[in-house]
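Structural overview
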Amino acid sequence: MTLQQEIVGNAMQMAVVSLNPGQTVYCEAGKFLFKTTNVTMETRLSGPSDNGGRQSGGGMGGMLRQAMGTAMQVGQRMMAGESLAFQYFTSRGGEGTVGFAGVLPGEMRALELDGTRAWFAEKDAFVAAESTVEFGIAFQGGRTGMSGGEGFVLERFTGRGTVIIAGAGNFIDLNPADFGGRIEVDTGCVVAFEEGIQYGVQRVGGLNRQGIMNAVFGGEGLSLATLEGDGRVILQSLTIEGLANALRKAQGGDKQGPTGGLFSTHAG
(Lines give C-alpha, C1' and ligand atoms only; values in the text may rest on other atoms or scores of the structure.)
Protein backbone atom coordinates (compact mmCIF):
# COMPACT_ATOMS: atom_id res chain seq x y z
CA MET A 1 0.00 0.00 0.00
CA THR A 2 1.43 3.37 -1.01
CA LEU A 3 1.99 5.76 1.86
CA GLN A 4 -0.40 8.70 1.73
CA GLN A 5 1.76 11.77 2.17
CA GLU A 6 1.95 15.43 1.21
CA ILE A 7 5.12 17.49 1.09
CA VAL A 8 4.42 21.09 2.08
CA GLY A 9 6.45 24.27 2.51
CA ASN A 10 9.12 26.02 0.50
CA ALA A 11 12.51 26.83 2.03
CA MET A 12 12.14 24.22 4.78
CA GLN A 13 9.74 21.53 3.65
CA MET A 14 7.95 18.96 5.77
CA ALA A 15 6.10 15.73 5.00
CA VAL A 16 2.62 15.24 6.42
CA VAL A 17 1.78 11.52 6.40
CA SER A 18 -1.76 10.11 6.68
CA LEU A 19 -1.81 6.61 8.19
CA ASN A 20 -4.55 4.06 7.70
CA PRO A 21 -5.64 2.08 10.77
CA GLY A 22 -2.79 -0.27 11.73
CA GLN A 23 -0.35 1.21 9.22
CA THR A 24 3.20 1.89 10.44
CA VAL A 25 5.78 4.43 9.34
CA TYR A 26 9.26 4.81 10.81
CA CYS A 27 11.79 7.62 10.84
CA GLU A 28 15.34 8.32 11.89
CA ALA A 29 15.57 9.78 15.38
CA GLY A 30 15.33 13.58 15.24
CA LYS A 31 13.13 13.81 12.12
CA PHE A 32 9.71 13.64 13.89
CA LEU A 33 7.64 16.84 14.15
CA PHE A 34 4.09 16.08 15.34
CA LYS A 35 1.37 13.41 15.47
CA THR A 36 -2.28 12.97 16.33
CA THR A 37 -3.10 11.39 19.68
CA ASN A 38 -4.25 8.07 18.20
CA VAL A 39 -0.80 7.43 16.71
CA THR A 40 1.51 5.46 18.99
CA MET A 41 5.25 6.13 19.04
CA GLU A 42 7.90 3.52 19.87
CA THR A 43 11.70 3.87 19.72
CA ARG A 44 13.69 0.73 18.87
CA LEU A 45 17.21 -0.16 17.84
CA SER A 46 15.98 -2.74 15.32
CA GLY A 47 15.25 -1.86 11.73
CA PRO A 48 11.97 -2.62 9.97
CA SER A 49 11.13 -6.14 8.85
CA ASP A 50 8.38 -7.86 6.91
CA ASN A 51 6.22 -7.99 10.02
CA GLY A 52 6.59 -4.32 10.68
CA GLY A 53 9.48 -4.63 13.13
CA ARG A 54 7.67 -6.80 15.70
CA GLN A 55 9.34 -9.65 17.52
CA SER A 56 9.65 -12.85 15.51
CA GLY A 57 9.09 -16.38 16.78
CA GLY A 58 11.45 -19.32 16.89
CA GLY A 59 12.06 -19.65 20.63
CA MET A 60 15.46 -18.95 22.15
CA GLY A 61 17.26 -19.54 18.84
CA GLY A 62 15.03 -17.06 17.04
CA MET A 63 15.54 -14.48 19.78
CA LEU A 64 19.31 -14.95 19.61
CA ARG A 65 19.38 -14.59 15.83
CA GLN A 66 17.24 -11.48 16.07
CA ALA A 67 19.51 -9.98 18.75
CA MET A 68 22.60 -10.67 16.64
CA GLY A 69 20.94 -9.16 13.58
CA THR A 70 19.99 -6.04 15.54
CA ALA A 71 23.54 -5.71 16.90
CA MET A 72 24.96 -5.90 13.36
CA GLN A 73 22.51 -3.25 12.14
CA VAL A 74 23.36 -0.94 15.04
CA GLY A 75 27.08 -1.51 14.46
CA GLN A 76 26.76 -0.59 10.79
CA ARG A 77 24.79 2.55 11.59
CA MET A 78 27.34 3.52 14.26
CA MET A 79 30.22 3.11 11.80
CA ALA A 80 28.30 5.20 9.26
CA GLY A 81 27.61 7.97 11.78
CA GLU A 82 23.85 7.41 11.48
CA SER A 83 21.22 7.53 14.22
CA LEU A 84 21.36 4.34 16.31
CA ALA A 85 17.59 4.10 16.79
CA PHE A 86 14.41 4.36 14.72
CA GLN A 87 11.06 5.74 15.84
CA TYR A 88 7.96 3.78 14.76
CA PHE A 89 4.51 5.35 14.44
CA THR A 90 1.34 3.24 14.16
CA SER A 91 -2.22 4.49 13.83
CA ARG A 92 -4.69 2.92 16.30
CA GLY A 93 -8.48 3.12 16.18
CA GLY A 94 -8.78 5.10 12.97
CA GLU A 95 -6.74 7.22 10.59
CA GLY A 96 -3.81 9.15 12.01
CA THR A 97 -1.43 11.91 10.96
CA VAL A 98 2.33 12.29 11.50
CA GLY A 99 4.67 15.08 10.43
CA PHE A 100 8.38 14.76 9.57
CA ALA A 101 11.14 17.08 8.36
CA GLY A 102 14.82 17.10 7.51
CA VAL A 103 17.44 19.06 9.40
CA LEU A 104 18.58 21.50 6.68
CA PRO A 105 16.74 24.16 4.66
CA GLY A 106 15.79 22.49 1.41
CA GLU A 107 13.50 20.10 -0.42
CA MET A 108 12.03 16.70 0.36
CA ARG A 109 11.10 13.94 -2.05
CA ALA A 110 8.93 10.82 -1.81
CA LEU A 111 10.37 7.83 -3.68
CA GLU A 112 8.19 4.85 -4.62
CA LEU A 113 9.92 1.47 -4.51
CA ASP A 114 8.32 -1.38 -6.47
CA GLY A 115 10.70 -4.12 -5.34
CA THR A 116 12.71 -4.26 -8.58
CA ARG A 117 15.28 -1.52 -7.93
CA ALA A 118 16.95 -0.30 -4.77
CA TRP A 119 17.64 3.35 -4.10
CA PHE A 120 20.87 4.75 -2.65
CA ALA A 121 21.12 8.06 -0.81
CA GLU A 122 23.83 10.12 0.81
CA LYS A 123 24.23 9.88 4.58
CA ASP A 124 21.53 11.76 6.55
CA ALA A 125 19.17 12.01 3.54
CA PHE A 126 16.68 9.51 5.03
CA VAL A 127 13.66 11.01 6.79
CA ALA A 128 10.91 8.38 6.98
CA ALA A 129 9.46 5.31 5.26
CA GLU A 130 6.64 2.84 5.64
CA SER A 131 7.51 -0.38 7.41
CA THR A 132 7.66 -2.41 4.17
CA VAL A 133 10.80 -0.51 3.13
CA GLU A 134 14.11 -1.86 4.44
CA PHE A 135 16.83 0.58 5.51
CA GLY A 136 20.45 -0.53 5.13
CA ILE A 137 24.00 0.81 4.89
CA ALA A 138 26.10 0.37 1.75
CA PHE A 139 29.86 0.90 1.96
CA GLN A 140 31.56 1.98 -1.23
CA GLY A 141 35.05 0.72 -2.10
CA GLY A 142 37.77 2.07 0.16
CA ARG A 143 39.69 3.74 -2.65
CA THR A 144 36.58 5.55 -3.90
CA GLY A 145 35.60 6.71 -0.45
CA MET A 146 39.04 7.85 0.62
CA SER A 147 39.64 9.80 -2.57
CA GLY A 148 36.25 11.49 -2.59
CA GLY A 149 35.82 12.39 1.04
CA GLU A 150 32.06 11.97 0.56
CA GLY A 151 30.10 9.01 -0.71
CA PHE A 152 31.99 6.30 1.17
CA VAL A 153 28.86 5.52 3.18
CA LEU A 154 25.46 5.38 1.49
CA GLU A 155 21.97 4.64 2.74
CA ARG A 156 20.27 1.79 0.86
CA PHE A 157 16.50 1.31 0.56
CA THR A 158 14.92 -1.91 -0.69
CA GLY A 159 11.50 -3.54 -0.70
CA ARG A 160 8.17 -2.06 -1.68
CA GLY A 161 6.63 1.18 -0.50
CA THR A 162 7.34 4.86 0.02
CA VAL A 163 10.55 6.37 1.39
CA ILE A 164 10.94 10.09 2.07
CA ILE A 165 14.32 11.79 1.73
CA ALA A 166 15.51 15.36 2.28
CA GLY A 167 18.38 17.51 1.05
CA ALA A 168 19.67 21.07 1.05
CA GLY A 169 18.58 23.78 -1.36
CA ASN A 170 16.61 22.79 -4.45
CA PHE A 171 16.51 19.41 -6.22
CA ILE A 172 17.08 18.59 -9.86
CA ASP A 173 16.34 15.18 -11.44
CA LEU A 174 18.74 13.95 -14.11
CA ASN A 175 19.42 10.77 -16.05
CA PRO A 176 23.05 10.29 -17.15
CA ALA A 177 21.73 8.45 -20.25
CA ASP A 178 20.37 11.81 -21.48
CA PHE A 179 23.88 13.31 -21.32
CA GLY A 180 25.94 10.70 -23.09
CA GLY A 181 25.75 8.18 -20.26
CA ARG A 182 27.88 10.02 -17.71
CA ILE A 183 27.76 13.17 -15.60
CA GLU A 184 30.31 14.68 -13.21
CA VAL A 185 29.15 16.64 -10.16
CA ASP A 186 30.44 18.14 -6.94
CA THR A 187 30.66 15.29 -4.43
CA GLY A 188 28.42 17.18 -2.00
CA CYS A 189 25.60 17.64 -4.52
CA VAL A 190 24.54 13.99 -4.80
CA VAL A 191 21.33 13.25 -2.87
CA ALA A 192 20.14 9.89 -4.23
CA PHE A 193 20.22 7.59 -7.24
CA GLU A 194 18.61 4.38 -8.45
CA GLU A 195 20.25 0.99 -8.45
CA GLY A 196 21.99 0.50 -11.79
CA ILE A 197 23.72 3.85 -11.66
CA GLN A 198 27.48 3.45 -11.23
CA TYR A 199 28.81 5.88 -8.63
CA GLY A 200 32.48 6.78 -8.40
CA VAL A 201 34.94 9.53 -7.57
CA GLN A 202 37.63 10.88 -9.88
CA ARG A 203 40.44 13.39 -9.54
CA VAL A 204 39.81 16.88 -10.93
CA GLY A 205 42.30 17.10 -13.79
CA GLY A 206 45.81 15.75 -13.69
CA LEU A 207 48.77 16.67 -11.54
CA ASN A 208 49.60 19.53 -13.88
CA ARG A 209 49.23 23.29 -13.85
CA GLN A 210 45.55 23.29 -14.84
CA GLY A 211 44.69 20.50 -12.41
CA ILE A 212 46.30 22.42 -9.55
CA MET A 213 44.50 25.61 -10.61
CA ASN A 214 41.16 23.75 -10.57
CA ALA A 215 41.81 22.32 -7.12
CA VAL A 216 43.23 25.44 -5.47
CA PHE A 217 41.28 28.27 -7.09
CA GLY A 218 38.16 26.47 -8.34
CA GLY A 219 36.80 25.71 -4.87
CA GLU A 220 35.99 22.08 -5.78
CA GLY A 221 38.91 20.38 -4.04
CA LEU A 222 40.65 17.47 -5.71
CA SER A 223 37.72 15.20 -6.66
CA LEU A 224 34.41 15.05 -8.50
CA ALA A 225 31.66 12.45 -8.22
CA THR A 226 30.85 10.49 -11.39
CA LEU A 227 27.45 8.97 -12.15
CA GLU A 228 27.09 6.61 -15.10
CA GLY A 229 24.29 4.51 -16.56
CA ASP A 230 20.56 4.74 -17.21
CA GLY A 231 18.49 5.71 -14.19
CA ARG A 232 17.20 8.50 -12.03
CA VAL A 233 19.63 10.76 -10.15
CA ILE A 234 18.66 13.49 -7.67
CA LEU A 235 21.08 16.35 -7.05
CA GLN A 236 20.87 19.26 -4.59
CA SER A 237 21.83 22.88 -5.22
CA LEU A 238 23.32 23.51 -1.77
CA THR A 239 26.11 21.47 -0.20
CA ILE A 240 26.49 21.08 3.55
CA GLU A 241 30.08 22.29 3.26
CA GLY A 242 28.94 25.37 1.36
CA LEU A 243 26.29 26.14 3.98
CA ALA A 244 28.80 25.70 6.81
CA ASN A 245 31.30 28.02 5.09
CA ALA A 246 28.62 30.67 4.53
CA LEU A 247 27.61 30.56 8.20
CA ARG A 248 31.23 30.85 9.34
CA LYS A 249 31.77 33.84 7.04
CA ALA A 250 28.60 35.51 8.31
CA GLN A 251 29.87 35.11 11.87
CA GLY A 252 33.29 36.46 10.96
CA GLY A 253 34.96 33.20 11.88
CA ASP A 254 36.19 32.16 8.45
CA LYS A 255 38.18 34.55 6.30
CA GLN A 256 38.52 33.02 2.87
CA GLY A 257 41.22 34.25 0.58
CA PRO A 258 41.34 34.19 -3.22
CA THR A 259 41.73 30.42 -3.35
CA GLY A 260 38.04 29.53 -3.39
CA GLY A 261 38.00 28.09 0.12
CA LEU A 262 40.76 25.47 -0.08
CA PHE A 263 42.93 27.59 2.22
CA SER A 264 41.13 29.47 4.99
CA THR A 265 42.26 31.50 7.95
CA HIS A 266 40.25 31.35 11.14
CA ALA A 267 40.14 34.61 13.07
CA GLY A 268 39.54 34.45 16.79
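Small disclaimer: the values here were computed from a predicted structure and weren't measured.

When helices and strands are tallied, the protein shows four helices and 20 strands. Here the analysis covers contacts within the protein between residues at least 6 apart in sequence; of these, 78% occur between residues at least 24 apart.

Turning to the side chain of E28, a few remarks are in order. Structurally, E28 can be placed in strand β3 (residues 24–28). For E28, a relative accessible area of 4% translates into the label buried. At 3.1 Å, the side chain of E28 and the side chain of K31 are in polar contact.

Before going further, it helps to examine the confidence of the model for the protein. With 69% of its residues at a pLDDT of at least 70, the protein reaches an overall mean of 79. Contacts of residues 141–151 to residues separated by more than four positions or lying in other chains number 18 contacts, the stretch itself having pLDDT below 50. Contacts for the low-pLDDT stretch residues 258–268, under 50 throughout, to residues beyond four places or in other chains number 23 contacts.

Before going further, it helps to spend a moment on the sheet that holds strand β4 (residues 32–35). Spatial ordering of the open sheet is given by β1-β2-β7-β4, a layout of four strands whose pairing is antiparallel. Strands at the two margins of the open sheet, each flanked by one partner only, are β1 (4–8) and β4. If you compare each strand with its neighbour and ignore which way they point, the axes differ by 20° on average. Pairing of strand β2 (residues 14–19) with strand β7 (residues 96–101), which is carried by six bridges, proceeds in the antiparallel orientation. Each residue of the ladder has a partner; that of M14, found in β7, is A101.

Okay, the packing of aromatic side chains next. Scanning all chains against the criterion turns up 12 aromatic pairs. Consider the rings of F193 and Y199, whose centres lie 5.5 Å apart with planes at 10°: the pair is stacked. As far as the burial class goes, F193 and Y199 line up, both buried. Of note, R44 hangs over the ring of Y88, and the distance from its end group to the ring centre comes to 3.7 Å.

As summarised here, the arrangement of the three strands in space is β14-β17-β16, forming an open sheet in which the pairing is antiparallel. Every other strand in the sheet has two partners, leaving β14 (182–185) and β16 (198–203) as the edge strands with one partner each. Between one strand axis and the next, the sheet turns through 30° on average, direction left out of account. In the sheet, β14 pairs with strand β17 (residues 223–228) via four bridges, with the strands oriented antiparallel. Its bridge partner being in β17, I183 is matched across the sheet by L227.

Reading the values: the criteria
- Residues numbered from 1 in each chain as written.
- Predicted model: local features only at pLDDT ≥ 70, side-chain atom pairs only at ≥ 80, totals over all residues.
- Heavy atoms only, no water.
- Helix = DSSP H or I, 4+ residues; strand = E, 2+ residues; numbered from the N terminus.
- Contact = heavy atoms within 4.5 Å.
- Buried < 20%, exposed > 50% of the residue type's maximum accessible area, 1.4 Å probe, protein only.
- Polar contact = N/O pair within 3.5 Å; in protein donor to acceptor, adjacent residues only side chain to side chain.
- pLDDT = per-residue confidence, 0-100.
- Pairing = 2+ DSSP bridges.
- Axes fitted to C-alpha atoms, helices over the stretch in contact; angles between N-to-C directions.
- Phe/Tyr/Trp six-rings, centres within 6.5 Å; stacked < 30°, edge-to-face > 60°.
- Lys NZ or Arg CZ within 6 Å of the ring centre and 35° of its normal.

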